[in-house]
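Below, each chain spelled out in residue letters.
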Amino acid sequence: MIDLNSIIIKISFLMQVIPLTIVFGILLVLVTVIAVVLGTWCFRYQHRLKAEREERASQESWLALGGEILVLVLDAQGRLKRSLGAQENFQPLTSGLSPGASVGKLLYATPTQQEEFRQALELIDAKKANPEVVFDLMDKELTHQQKHYQVRYRGPNHQGEIFILFRDVTTEAELAESEKKEFWRQKVLKTVMTQRSAFAVFASSVQDLFLRLSQLEDQGPSPGNEWTDFLRQLHTIKADARFFDFQATAEQCHQSESFLSDQLLLQETPDPSTFELELKKAYYGELKTVTDNLGEAWLHQADAVQIPRKPYLSLIGYIRRRYPLDKKLGQFLDFHRQVPLRSLFQKLPDQAKTLAQSLGKRVAPLEIQGGDFMVIPDRLEAFCQTFIHLLRNSLDHGIETVRERETLGKPLEGNLRLEIADTPRAIIFRFQDDGRGISYQRVVERARALGWLESAQPLDEQGLLGFLFREGFSTAPQTTEISGRGLGLAAVKTEIDKLQGSVRVLTRPGRGTTFEMILPWSLHES
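Residues numbered from 1 in each chain as written. Predicted model: local features only at pLDDT ≥ 70, side-chain atom pairs only at ≥ 80, totals over all residues. Heavy atoms only, no water.

(A) Structural context of the sheet that holds strand 10 (residues 426–433). One open sheet holds the five strands; their spatial order is 7-9-10-12-11, and the pairing between them is mixed. The open sheet has two edge strands with one neighbour each: strand 7 (367–370) and strand 11 (502–508). On average, each strand axis in the sheet is inclined to that of its neighbour by 15°, with strand direction left out of account. Where strand 10 meets strand 12 (residues 512–520), eight bridges bridge the pair, whose relative direction is antiparallel. Note that in strand 12 the partner of Ile-428 across the bridge is Ile-518. (Pairing = 2+ DSSP bridges. Helix = DSSP H or I, 4+ residues; strand = E, 2+ residues; numbered from the N terminus. Axes fitted to C-alpha atoms, helices over the stretch in contact; angles between N-to-C directions.)

(B) Structural view of the packing of aromatic side chains. A complete count under the given rule lists 22 aromatic pairs for this structure. With a centroid separation of 5.5 Å and 20° between ring planes, the pair formed by Phe-135 and Tyr-153 is classed as stacked. Placement of Phe-135 in helix 6 (residues 131–137) and of Tyr-153 in strand 4 (residues 147–154) is noted, with a sequence separation of 18 residues between them. Centroid distance Phe-383 to Phe-387: 5.2 Å. Interplanar angle 90°. Geometry classified as edge-to-face. A relative accessible area of 0% places Phe-387 in the buried class. One aromatic cluster is present, formed by Phe-199, Phe-202, Phe-210, Phe-243, Phe-244, Phe-246, Tyr-283 and Tyr-284 through successive ring pairs. (Phe/Tyr/Trp six-rings, centres within 6.5 Å; stacked < 30°, edge-to-face > 60°. Buried < 20%, exposed > 50% of the residue type's maximum accessible area, 1.4 Å probe, protein only.)

(C) Quick peek at a nonpolar patch on the surface. Side chains of Val-29, Val-33 and Val-37 sit close together on the surface and give an oily, nonpolar patch of about 260 Å² of accessible area. Within the secondary structure, Val-33 is located in helix 2 (residues 20–63). (Patch = residues over 30% accessible without salt bridge, like charges linked within 9 Å, V, L, I, M, F, W, Y side chains within 5 Å. Areas by Shrake-Rupley, 256 points an atom, 1.4 Å probe, with all protein chains shown as cover. Salt bridge = Lys/Arg side-chain N within 4 Å of Asp/Glu carboxyl O.)

(D) Region of the structure containing the pattern of salt bridges. Under the defined criterion, the tally for this structure stands at 25 salt bridges. A salt bridge links Asp-497 to Lys-493; its shortest N-O distance comes to 2.8 Å. Pair noted here: Asp-497 and Lys-493 are both in helix 21 (residues 488–498), with a separation of four residues, about one helical turn. The class of Asp-497 is partly exposed, set by a relative accessible area of 42%. For Lys-493, a relative accessible area of 26% gives the class partly exposed. Within the structure, one salt-bridge network assembled from shared partners comprises Arg-212, Asp-229, Arg-232 and Glu-471.

(E) How the structure looks around helix 13 (residues 309–322). Over its 14 residues, helix 13 extends 20 Å from the first C-alpha to the last, a length consistent with the 20 Å expected when each residue adds 1.5 Å. Turning to helix 13, its buried residues number three or more, namely Arg-309, Tyr-312, Ile-316 and Ile-319. Buried residues along helix 13 cover an arc of 85° about the axis, so they all sit on one side. (Expected span 1.5 Å × (residues − 1). Arc of directions from axis to C-beta.)

(F) Layout of the nonpolar core. Residues Leu-341, Phe-345, Phe-383, Phe-387, Phe-429 and Met-517 are the most contacted members of the largest nonpolar core, which totals 47 residues. A per-element tally of this core places helix 17 (residues 387–398) first, with five residues. In this structure Phe-345 touches Ile-368, Cys-384, Phe-387, Leu-418, Ile-420 and Phe-429, once residues within four positions along its chain are discounted. Residues Leu-234, Ile-237, Phe-243 and Leu-279 belong to the second largest nonpolar core, which totals 32 residues. (Core = buried A, V, L, I, M, F, W, Y, C linked by side-chain atoms within 4.5 Å. Contact = heavy atoms within 4.5 Å.)

(G) Up close: the side chain of Glu-419. Tracing the chain through its elements places Glu-419 in strand 9 (residues 416–422). In this structure the side chain of Glu-419 is engaged in a polar contact, spanning 3.0 Å, whose partner is the side chain of Arg-417. In contact with Glu-419, not counting residues within four places along its chain, are Gln-369, Ile-428, Phe-429, Arg-430 and Gln-432. (Polar contact = N/O pair within 3.5 Å; in protein donor to acceptor, adjacent residues only side chain to side chain.)

(H) Structural detail: the pairing of strand 3 (residues 141–144). As judged from the four bridges shared by strand 3 and strand 4, these two strands associate in the antiparallel manner. Opposite Glu-141, over in strand 4, you have Gln-150 as the bridge partner. Connecting strand 3 to the antiparallel partner strand 4 that follows it, the hairpin turn spans two residues, and Gln-145 within it adopts a positive phi of roughly 50°.

Structure, rendered in C-alpha cells:
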C-alpha cells in the first residue's frame, strides 16, 4: 500500500534541497522533447497523406487518358504486383504477364539487360541511386508484335512501388513513318529530276552491273581478277546510290561489297546467289518510286538523244561495220552525240556537299573550271564517274574538321576544285583540295605492313604515292562506308589505264593535295 504521507514528505524535502529553477528546467526539457516527437510524427503523417494523394492523382491522370494507357505496378525486384487501366486493350503486351512475373522480360530481350533492369530497381529501393537519373537511362519506346508503345517511369511511392506507364502510339508511329517516307520520296524525285542525265547513267550502270553478275554466275568458278573488277564497279554504284538517296540500294551494295571482299581475301569463289536477290530487290523497290511518280517514259527519255541510247549506239555500230570507209558518216553521227565535258561532272558539287555533311565537315561549293569543249560522252563516262572516289578521298582523309582548321588558322570551309584544260595533245584534269596533305610516313608504314616495300628499298615521292593506286592499299585506320578498303583510287587508276592516260599526285603537308590526270587528245577528237 502506497504511503502518501511518506511521498509528500520526500517531495517536500527534495523541493527544499533542489532549487526550484532546476525543477522547472527539467519539466521544460520534457515538454520540448514530447513536442518534437509529436511534431515529427505529424509532419511524416501529412507528408505520407500528400504522397498518397499525389499518387492517386497521378494514377487518375494516367487513367483519364482512356484505353490507350496501361500502368504496371512493380515491386523493388521488378516483379508485377498489379495492373491499372484498360488491360483488355493491351492483351498482346500483357498476355502471360501475371502477378509475380518479371516485367524486365517484357521490356528487354536479353538476360543481361533484364538483370541490369532488376539491379537498377534495387539501387533505387536502397536509395543508392536517383530514380530520375535511372529512369532517364531506360528505354522510352517498346515495339511488341507490330505495336509501338511509349514507356514512362514513375516512383517509387512510400511503399517502394515503381509505376511503368505504357501508351499505345502505334498510330502516331505509323504517321511519322509515313511522313518520313514522303520526305524521302520528295527528296529522291527532286534529285533525279535536277540530275536527269546523271540518273540515267546511274540506272544504266546498275543494269550493266546486274548483267555482269549474271554472266559471272553462269561462268561458275571465275578468276579472282574478274570479281575484283566487279567489286570496283559495285563500289562506284554504291557511291552513286547514296547521292540519289537510294538508301536501301547503297546499304545492300555495302553488304555485298563486304561479303565479296571477305571471299576474295579467303581466296574463295563468291556465290552471287547470296546477295544478288537482295541487291535487286532493294534497287528495283526504290526505282519503282521514281517510275511510279515520273513514269517509265521519263526514265527512257532521260537516256536518249532522239532515240533510246542503246539502239542508237547499235545503229552507229552497224553503220560503221556496213560502211567502214565512210569516215564522214561516222563523224556526223558522233557529232550529234557530243556534250560539254564539264556536264559529265554536273553531280559532283552536290555529291561534295552531301558527303561533307555526312562527315560533319564544312566545304565551300566545289568549283569546276574549264571543260566547256565537246566530247563524245560514252568514251569518258566511266572515267568521270570515278571522280567520286577522289572526292571521297579528299573529304575523308584530306579536308580537316572545322576545329582543326580553326586551330591551324585556315578558313573554316575546306576548298575543292576541279580544273579541266584542253591542250593540243591531251586533256588535263587537276582535282585539288586544301587539306592536310598526304603523310609519306604513313604510306611507307602501310606499304611495309603489306609487304610491298622492303626496309632498305629506295623510292622517290612519286614512287611512294604510287602505292595509293594499288588494290587494297589504304592509310585509313579502319574500314567505313566512306573509305578504308583500298578500292576507290584503284578504280580511278584502272579507268586511266584503259584510256592510256597517266596520273601523278602532288601533295604538301598542311597545304593540300592535287591529283593530276592526263588523257590523250584523241579521246575528244571528232
